[in-house]
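Residue-level structural notes
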Amino acid sequence: MPILLAAGCATPPPCLCPPPPKPAVDARYEPVEFSALPGWSSAPLAASVRAFIAGCARASVAQAMQDACEAAKALPAGDDAAARAFFEKFFAAYAIVAPDGAVEGTITGYYE
């Protein structure tokens, strides 16, 4: 039993994990065509419209989004082409560009 207690008090080895990368503080948004988004032309978007419609039920939806909500509700269910046209009409695509000009990387986003 004393061996187990002594082992339980041993100091663990230091973490060998690299530090997390520093976030780019001066990244900028540049408008792009939807066709520039990888996989956009073949993405199954009908489910995304259903998720968008679910958010329309919130009382806090901005008045500016009401037209988009009504248009989304009128789309044929399961129609990816109609969903793609909907997003292209009511939204804008942007590339996030790092201060050094890099356009590839990792982004973490949180949505309500």
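Residues numbered from 1 in each chain as written. Predicted model: local features only at pLDDT ≥ 70, side-chain atom pairs only at ≥ 80, totals over all residues. Heavy atoms only, no water.

Turning next to the overall build of the chain. For the chain, the helix and strand inventory stands at four helices and two strands. Element order for the chain, N to C, with α for helix and β for strand: α-β-α-α-α-β. With 112 residues in all, the chain has 16% of them scored as buried. Surface accessibility of the chain: about 9100 Å² in total, with carbon and sulfur atoms responsible for 62%. (Helix = DSSP H or I, 4+ residues; strand = E, 2+ residues; numbered from the N terminus. Buried < 20%, exposed > 50% of the residue type's maximum accessible area, 1.4 Å probe, protein only. Areas by Shrake-Rupley, 256 points an atom, 1.4 Å probe, with all protein chains shown as cover.)

To continue, consider the packing of helix H2 (residues 46-56) against helix H4 (residues 80-90). Contact geometry of H2 with H4 gives a least axis separation of 8 Å together with a crossing angle of 55°. What the angle tells us is that H2 and H4 run oblique. Of H4, the residues touching H2 (which contributes Ala46, Ser48, Val49 and Phe52) are Asp80, Ala83, Phe86 and Phe87. (Axes fitted to C-alpha atoms, helices over the stretch in contact; angles between N-to-C directions. Parallel < 35°, antiparallel > 145°, perpendicular 65-115°, else oblique. Contact = heavy atoms within 4.5 Å.)

What follows is about the state of the cysteines. This model, assessed by the stated rule, comprises one disulfide. The disulfide that involves Cys56 links it to Cys69, with 2.1 Å between the sulfurs. Between Cys56 and Cys69 the sulfur-sulfur dihedral comes to about -90°; the bridge is accordingly left-handed. Residue Cys56 is found in helix H2, and its partner Cys69 is found in helix H3 (residues 66-73); the two are separated by 13 residues along the sequence. The same class applies to Cys56 and to Cys69, which are both buried. (Disulfide = S-S within 2.5 Å.)

For the coordinates displayed, the defined rule picks out two salt bridges. Among the ionic pairs, Glu30 bridges to Arg28, the shortest N-O distance being 2.9 Å. Using a relative accessible area of 31% as the deciding quantity, one classes Glu30 as partly exposed. The exposure class of Arg28 is partly exposed, given its relative accessible area of 39%. One salt bridge connects Glu70 with Lys73, and the closest N-O pair in it is separated by 3.7 Å. Of the two residues, Glu70 and Lys73 are both situated in helix H3; the distance of three residues between them amounts to about one turn of the helix. Residue classification places Glu70 among the partly exposed positions, given a relative accessible area of 47%. Exposure remark for Lys73: the relative accessible area of 48% places this residue in the partly exposed category. (Salt bridge = Lys/Arg side-chain N within 4 Å of Asp/Glu carboxyl O.)

Moving on: the nonpolar core. Within the largest apolar cluster, 13 residues are counted, with the highest numbers of intra-cluster contacts made by Trp40, Leu45, Val49, Phe52, Ala72, Phe86 and Phe87. Those elements giving two or more residues to this core turn out to be H2, H3 and H4. (Core = buried A, V, L, I, M, F, W, Y, C linked by side-chain atoms within 4.5 Å.)

Position of Arg84 among the secondary structure elements: in helix H4. Nearest to the buried, unbridged Arg84 among oppositely charged side chains is Glu88, at 5.3 Å. Among all residues touching Arg84, those that are not within four sequence positions of it are Trp40, Ser41, Ser42, Ala43 and Leu45. (Lys, Arg positive; Asp, Glu negative; His and termini not counted.)

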